[in-house]
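# Structure assessment
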Amino acid sequence: YNTDNIRPVFYTNKLTEKQDFGVIAHELQQQIPFLVSGEKNGEEHQSVNYNGLIGILINEIQQLKKRVCELEQSKP
């Protein structure tokens, strides 16, 4: 899964009225639908499975670290 189009945002949670940092569920649903429950503009709020997102992010970090090591080793 590609995280390039996942947009992190700072927002006010409508249920708790507290500020938070995360992603917009309907935007994430376009990229990784199985991490979002509920329907856009449905009767109930959509929710994000952040635990599921962690694995995808760990994989991205590992790939980036591998690429950085490769680039560092190829320097003259």
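Refer to the structure presented above.
For the structure given in this document, a descriptive report is provided here.

About the criteria used
- Residues numbered from 1 in each chain as written.
- Predicted model: local features only at pLDDT ≥ 70, side-chain atom pairs only at ≥ 80, totals over all residues.
- Heavy atoms only, no water.
- Helix = DSSP H or I, 4+ residues; strand = E, 2+ residues; numbered from the N terminus.
- Buried < 20%, exposed > 50% of the residue type's maximum accessible area, 1.4 Å probe, protein only.
- Contact = heavy atoms within 4.5 Å.
- Areas by Shrake-Rupley, 256 points an atom, 1.4 Å probe, with all protein chains shown as cover.
- Lys, Arg positive; Asp, Glu negative; His and termini not counted.
- Charge placed at Lys NZ, Arg CZ, Asp CG, Glu CD.
- Polar contact = N/O pair within 3.5 Å; in protein donor to acceptor, adjacent residues only side chain to side chain.
- Expected span 1.5 Å × (residues − 1).
- Pairing = 2+ DSSP bridges.
- Core = buried A, V, L, I, M, F, W, Y, C linked by side-chain atoms within 4.5 Å.
- Phe/Tyr/Trp six-rings, centres within 6.5 Å; stacked < 30°, edge-to-face > 60°.
- Salt bridge = Lys/Arg side-chain N within 4 Å of Asp/Glu carboxyl O.

## Remarks on the overall build of the protein
- Helices and strands together make up the secondary structure of the protein, namely two helices and four strands.
- Expressed as a percentage of its 76 residues, the buried residues of the protein come to 20%.
- Here the analysis covers contacts within the protein between residues at least 6 apart in sequence; of these, 27% occur between residues at least 24 apart.
- Working note: accessible area of the protein is about 6400 Å², and carbon and sulfur atoms make up 50% of it.
- Charge-centre separation for the protein: the mean point of 8 positive side chains lies 9 Å from the mean point of 10 negative side chains.

## Some remarks on the side chain of asparagine 13
- Within the element layout of this structure, asparagine 13 appears in the loop between β1 (8–12) and β2 (19–23).
- Among the polar contacts made by the side chain of asparagine 13, one reaches the main-chain amide nitrogen of threonine 16 at a distance of 3.1 Å.

## Quick word on helix α2 (residues 50–73)
- An ideal rise of 1.5 Å per residue puts 34 Å on 24 residues; α2 measures up with 34 Å between its terminal C-alpha atoms.
- For α2, the capping residue at the N-terminal end is asparagine 49, with a side-chain oxygen 3.2 Å from the backbone nitrogen of asparagine 51.

## Here's the deal with the pairing of β2
- Sheet topology places β1 next to β2; five bridges connect them, and they run antiparallel. Bridge pairing in β2 places threonine 12 opposite glutamine 19.
- Between β1 and the antiparallel strand that follows it, β2, lie six residues; glutamate 17 among them carries a positive phi value of about 55°.

## Observations regarding the nonpolar core
- Core analysis: the largest hydrophobic core is formed by 10 residues, namely Ile6, Val23, Ala25, Leu28, Ile32, Leu35, Val36, Val48, Leu53 and Ile56.
- Of all the secondary-structure elements, those providing two or more residues to this core are α1 (25–31) and α2.
- The contacts of isoleucine 6, once residues within four sequence positions are left out, are Val23, Leu28, Ile32 and Leu53.

## Looking at the packing of aromatic side chains
- Evaluation of the coordinates by the stated rule reveals one aromatic pair.
- Between the aromatic rings of tyrosine 1 and phenylalanine 34, the centroid separation amounts to 5.4 Å while the plane-to-plane angle is 65°, which identifies the pairing as edge-to-face. Of this pair, tyrosine 1 sits in the segment before β1 while phenylalanine 34 sits in the loop between α1 and β3 (36–37), and the two are 33 residues apart along the sequence. In this structure, tyrosine 1 and phenylalanine 34 share a single accessibility class: exposed.

## Remarks on the pattern of salt bridges
- Scanning the entire structure with this criterion turns up two salt bridges.
- Its salt-bridge partner being arginine 7, residue glutamate 27 comes within 2.6 Å of it at the nearest N-O pair. With a gap of 20 residues between them, glutamate 27 in helix α1 and arginine 7 in the segment before β1 connect regions that are remote in the sequence.
- Taking relative accessible area as the criterion, glutamate 27 reaches 23% and is therefore assigned partly exposed.

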